[in-house]
2 protein chains.
Amino acid sequence: MALIVQKYGGSSVADAASIKRVAKRIAESKRAGHDVVVVVSAMGDTTDELIDLANEVSPMPPSREMDILLTAGERISMSLLAMAIANLGIQAQSFTGQQAGVITDSAHGKARIIDVTPSRIRNAIAQDAVAIVAGFQGVTQYTNDVTTLGRGGSDTTAVALAAALMADVCEIYTDVDGVFTADPRIVPTARKIDRISYDEMLEMAASGAKVLVLRCVEYARRYDVPIHVRSSFSGRQGTLVTSAATAVDPTAPRSATGSGQHTDQQSDEQGEGAVEQPIISGVAHDRSEAKITVVGVPDVPGKAARIFEVVAGAGVNIDMIVQNVSAASTGLTDISFTLPATDGQVGIAALTAVQGDIGFESLQYDDTIGKLSLVGAGMRSHPGVSAKLFAALSTAGINIEMISTSEIRISVVTRADHLDDAVRAVHTAFELDSTEDEAVVYGGTGR
Amino acid sequence: MALIVQKYGGSSVADAASIKRVAKRIAESKRAGHDVVVVVSAMGDTTDELIDLANEVSPMPPSREMDILLTAGERISMSLLAMAIANLGIQAQSFTGQQAGVITDSAHGKARIIDVTPSRIRNAIAQDAVAIVAGFQGVTQYTNDVTTLGRGGSDTTAVALAAALMADVCEIYTDVDGVFTADPRIVPTARKIDRISYDEMLEMAASGAKVLVLRCVEYARRYDVPIHVRSSFSGRQGTLVTSAATAVDPTAPRSATGSGQHTDQQSDEQGEGAVEQPIISGVAHDRSEAKITVVGVPDVPGKAARIFEVVAGAGVNIDMIVQNVSAASTGLTDISFTLPATDGQVGIAALTAVQGDIGFESLQYDDTIGKLSLVGAGMRSHPGVSAKLFAALSTAGINIEMISTSEIRISVVTRADHLDDAVRAVHTAFELDSTEDEAVVYGGTGR
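Residues numbered from 1 in each chain as written. Chains lettered and ligands numbered in written order. Predicted model: local features only at pLDDT ≥ 70, side-chain atom pairs only at ≥ 80, totals over all residues.

Observations regarding the overall build of chain A
Scanning chain A from terminus to terminus reveals twelve helices and 20 strands. Counting across all 447 residues of chain A, residues that qualify as buried make up 50%. (Helix = DSSP H or I, 4+ residues; strand = E, 2+ residues; numbered from the N terminus. Buried ≥ 20, exposed ≤ 12 C-beta atoms within 10 Å, placed from the backbone.)

Details of the pairing of strand β16 (residues 332-340) of chain A
Residue and element names in this part refer to chain A. As paired strands, strand β14 (residues 289-298) and β16 are joined by eight bridges and run antiparallel to one another. The residue bridging Val-294 from the neighbouring strand is Ile-335, located in β16. Taken together, the three bridges between strand β15 (residues 321-323) and β16 define a ladder with antiparallel strand orientation. What sits directly across from Val-322, in β16, is Ser-336. (Pairing = 2+ DSSP bridges.)

Focus on the sheet that holds strand β8 (residues 146-148) of chain B
Residues and elements named next belong to chain B. Taking strand neighbours across the sheet as the criterion, the four strands line up as β5-β4-β7-β8 in an open arrangement whose pairing is mixed. In this open sheet, the two strands that pair with only one neighbour each are β5 (113-116) and β8. Taking the axes of each pair of neighbouring strands and ignoring which way they run, one obtains an average angle of 45° across the sheet. Bridge count between strand β4 (residues 102-104) and strand β7 (residues 137-140): two bridges; the pairing is parallel. For Ile-103, the partnering residue across the bridge sits in β7 and is Val-139. (Axes fitted to C-alpha atoms, helices over the stretch in contact; angles between N-to-C directions.)

Quick look at the environment of Ala-124 of chain B
Residue and element names in this part refer to chain B. Counting through the fold element by element, Ala-124 comes out in helix α4 (residues 119-126). Judged by C-beta crowding, with 23 C-beta atoms within 10 Å, Ala-124 ranks as buried. As a C-alpha pair, Ala-124 and Asp-35 span 89 residues in sequence and 9.9 Å in three-dimensional space. Not counting chain neighbours up to four residues away, the residues in contact with Ala-124 comprise Gln-93, Ala-129 and Ala-131. (Contact = placed C-beta atoms within 7 Å.)

A closer look at the nonpolar core
One finds Leu-81, Val-133 and Leu-161 of chain A together with Leu-81, Val-133 and Leu-161 of chain B to be the most contacted residues of the largest nonpolar core, which totals 242 residues. Counting the residues that make up this core, at least three belong to each of domain 1 (3-175) and domain 2 (248-257 + 274-438) of chain A. With residues up to four places along the chain from it excluded, the contact list for Leu-161 of chain B reads Val-5, Val-37, Val-39, Ala-100, Val-116, Pro-118 and Val-133 of chain B. (Core = buried A, V, L, I, M, F, W, Y, C linked by C-beta atoms within 7 Å. Domains from an automatic or database assignment.)

Some thoughts on the interface of chain B and chain A
With 27 residues of chain B at the interface, the matching set in chain A holds 27 residues. Looking at the side of chain B that touches chain A, the elements that each hand over two or more residues are α1 (16-31), α2 (46-57) and α3 (63-86) of chain B. Take the side of chain B that touches chain A: its biggest share by element is twelve residues, from α3 of chain B. Of the residues in the side of chain B that touches chain A, the class split is 17 nonpolar, six polar and four charged. (Nonpolar A, V, L, I, M, F, W, Y, C, P; charged D, E, K, R; others polar.)

Brief notes about the packing of helix α2 (residues 46-57) of chain A against α3 of chain B
Here α2 of chain A crosses α3 of chain B at 30°, and the two axes come no closer than 8 Å. For the element pair α2 of chain A / α3 of chain B, the angle class is roughly parallel. In the crossing of α2 of chain A with α3 of chain B, the sense of the turn from one axis to the other is right-handed. Together, Leu-50, Leu-53, Ala-54 and Val-57 of chain A of α2 of chain A and Ile-76, Leu-80, Met-83 and Ala-84 of chain B of α3 of chain B make up the contact between the two elements. Across the contact of α2 of chain A with α3 of chain B, the residue classes tally to eight nonpolar, no polar and no charged. (Parallel < 35°, antiparallel > 145°, perpendicular 65-115°, else oblique. Left-handed = near helix turned anticlockwise from the far one by under 90°.)

Focus on the domain arrangement of chain A
Each assigned domain of chain A is listed with its residue range as follows: domain 1 (3-175) and domain 2 (248-257 + 274-438). Relative placement of domain 1 of chain A and domain 2 of chain A: their C-alpha centres are 36 Å apart.

Observations regarding the relation of the copies chain B and chain A
Between chain B and chain A, the superposition needs a rotation of 180° and an axial shift of 0.0 Å, giving an RMSD of 0.1 Å. Classification of the inter-copy transformation places it as that of a two-fold axis. No C-alpha of chain B approaches the rotation axis more nearly than that of Ala-72 of chain B, which lies at 2.4 Å. Comparing contact sets, 100% of the residues at the interface of chain B also lie at the interface in chain A, consistent with an isologous, same-surface contact. (Least-squares fit on C-alpha atoms with pLDDT ≥ 70 in both.)

Re α2 of chain B
Compared with the 16 Å implied by 1.5 Å per residue over twelve residues, the 17 Å span of α2 of chain B between its first and last C-alpha is a close match. Against α1 (16-31) and α3 (63-86) of chain A together with α3 of chain B lie the buried residues of α2 of chain B. (Expected span 1.5 Å × (residues − 1).)

Some details on the sheet that holds strand β10 (residues 195-197) of chain B
Residues and elements named next belong to chain B. Taken in spatial order, the eight strands of this open sheet run β3-β6-β2-β1-β9-β11-β12-β10, and their pairing is mixed. Across the chains shown, the open sheet's two edge strands, defined by having one partner strand only, are β3 (92-95) and β10. Each adjacent strand pair in this sheet contributes to an overall mean axis angle of 20°, direction not counted. Sheet topology note: the β3/strand β6 (residues 130-134) ladder contains four bridges and is parallel. The residue bridging Phe-95 from the neighbouring strand is Val-133, located in β6. Each of β1 (3-8), β2 (35-40), β6, β9 (169-174) and β11 (227-231) is contacted by helix α5 (residues 153-165), which is oriented at about 170° to β1, the strand it contacts most.

Side note on the packing of helix α11 (residues 384-395) of chain A against helix α12 (residues 419-429) of chain A
Residues and elements named next belong to chain A. At a closest axis distance of 9 Å, the pairing of α11 and α12 adopts a crossing angle of 130°. In terms of axis orientation, α11 runs oblique to α12. When the axes of α11 and α12 are compared, the crossing they make is right-handed. Contacts from Lys-388, Leu-389, Ala-392 and Leu-393 of α11 reach α12 at Ala-422, Ala-425, Val-426 and Ala-429.

Observations regarding the environment of Ala-284 of chain A
Residues and elements named next belong to chain A. Along the chain, Ala-284 turns up in strand β13 (residues 282-286). Owing to 26 C-beta atoms within 10 Å, Ala-284 belongs among the buried residues under this scheme. C-alpha of Ala-284 to C-alpha of Ala-182: the two residues are 102 residues apart in sequence and 5.8 Å apart in space. Residues contacting Ala-284, with those up to four places away along its chain left out, are Met-204, Ser-207, Gly-208, Ala-209, Ser-373 and Val-375.

A word on unusual backbone geometry
Residues and elements named next belong to chain A. At Met-166, a position not held by glycine, the phi torsion is positive, near 50°. Note that Met-166 resides in the loop between α5 (153-164) and β9 (169-174). For Met-166, a count of 9 C-beta atoms within 10 Å gives the class exposed. One non-glycine residue, Asp-224, adopts positive backbone phi at about 55°. Following the sequence through the fold, Asp-224 ends up in the loop between α7 (214-223) and β11 (227-231).

Focus on α11 of chain A
With twelve residues, α11 of chain A extends 16 Å between its outermost C-alpha atoms, agreeing within 8% with the 16 Å of an ideal straight helix rising 1.5 Å per residue. In the stretch just after α11 of chain A, Gly-397 of chain A is the one whose phi turns positive, near 75°.

A closer look at the confidence of the model for chain A
All names here are of chain A. In this model, chain A carries an average pLDDT of 87, and 89% of its residues clear a pLDDT of 70 or more. Across residues 245-277 the pLDDT falls below 50, and counting only partners more than four positions away or on other chains, this stretch makes 42 contacts in the model. Note on residues 438-447: pLDDT is under 50 here. Beyond four places in sequence and across chains, it has 27 contacts. Here the complex is predicted with pTM 0.80, and the ipTM for its interfaces comes to 0.76. (pLDDT = per-residue confidence, 0-100.)

In structure tokens, the structure reads:
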């Protein structure tokens, strides 16, 4: 008997029929003897419909009102889910973010959780009831104003509650079977990853894997909450995200770990030399970035720092940076960096304003780039990984424009229209392709 | 400069365009220098749609969850309205029932207000902001569970807030121009009543006039909150409900009271003898009742009391009662009473269970009755009113089945299919018909 926090996204509760199906699943967990706390998102397109309504009445809705509006969505789904569970003969009570004790700062639209005091949830558990909690929302500490947590907020609610309740596991139900070695829409032979560490999952999420948001994984790592990413449409085991130092080799047959139980045991069925192979989690990709090149920067100490100061001052997060070697004849250099494409115009405007001050020649903006990231704890001690990556891309005829590396990740920037080919080439080169005819279920990005 | 509480029903905020229109109206009140607190219902059919969803997931939704579900409706309308007002350059903040301090008992679905502590609303007013409050909802005192107030709940929220804030007036905006001398769909010559007392309005509401619910008028009378019922589609003066001892004669030309100001002044322009006429507010009608006749009750003391004890014990409210004169030869009598038709089966079942005990012969059930009520403070001192009423009905060939009277009301039961004719006949007999070609606006019953 365990305490399980389950999170269901909007596509899992899109209509009455889906809600009844999810209720059945929750009832099964409860009947199996577990204590169950459920975090739920708004039904299907509810949030988008509410945003449309807001835009109809005001071009710039105040963020406090926007938060009150949007939280209506979870209020509807949570009460309907509680009703559906009660209808199966199992006690259920729904709770708003406030009632569940999700306390946040007052940054409406992107509030951060500052405390979780789930005494009412503990009471519900003690009374043998399933507690249904509205995801994505909280309440400010002193003024009791309703806030929303921003993108991926419901996942974060689930992990935060699991941490506060010291739950055994936080199950994130989505419309895919788990975390994959690459996006199966691009790489049909992508495999589900059985187990991955927080660090690797963080790099995957930061590099564009959409199944879990960065913030939720960060929260889980900080409080050591095991996350189980799995499909709400099947009973299959999904991907377990834990503090385990090394990931299970994704090429190992999944049946090797036995009856659905996760263990740290490595499979040795992959042939000679396999144990010396670097262990790679997967290949992530990201099309949401753009590149700014500052052309003709005087090659004088402090100029580069000044550029990044200005961009940071405009609230823009920079990802990768490349500085070309200065041409000795001119004393000028070019500096390129990537940033979210949505911040592109802000970045250009901020730099243009200081052009005279810094003395660069011009700015180039390019939003037709793609980023590929190879993630895996194994590459820490295997210097051959980047060489193999570059060779694979070169063989596929793909040009590399920028490179950055961390302990467990290598990212490269390519032309956007070469990105899919690049992902497939690298996935194959690192032997991540599925060798069996596995029934991979993938229904789009998770909500 | 006054403090005004305005309440807008669901039909007034049915879509984005309506919300913007209402926002403009609120902005005008604010720009005129008044402090404005707004109570709003859920948009159009939202509540019905949510009820449908609940019924899809559960045949018997728990009432606590139903309340959480339904309150999502006001959360949406209140935040959209606040956005629309802010977009007009006027500060606005929305508040849930809880945030507005509407404390109720825990009778989910039909909670009673036990206290209103609107400190946040006072703060908003002090900051020169328009406060938008979710109608129909409150929160329990100790457990902070969300409750709904039941039918007419938003009107009651508005009056309760007006009382707590000591507002100068509570304006109830609806889709009709005010309270009429009769339902204009039945009596096209019905006139809008300019002013009516709480007592008369209570009798009108209790007798089937749907524009204000009984409970809201009771609350207003208890705390002496002036109610102004008016149309959200026109700028016209509506009906003022106050503690004034006598109603303004509805046959007086409305222009007689000057530039839209209400006074207690009576018009004397209605010709000879008019001042001696009883002053009648209007003719209400009700089709929602049924009649049970208990046939062959032993004419022994205590039997009638026992019948009504049993019915009351089943939670059924009895309205009118008639006991026939006992036939001396048999020692048996018949007792008829009316009750809400929705409680008909409950009443029949309760009585059937004690048939042997009480010893009556049989039960008759009739749900094809109609009730007409003539309401007016004037009839207190005018014994001729009932004679005139009966004569009018008799002339129209309408049979009277039951009669009951109060100080300011006479009600009669007729066949349901004679009710419209009865209302028209009585309306004419008491000279309530409009004599001018007034632009009466009537768009259906208020929500």
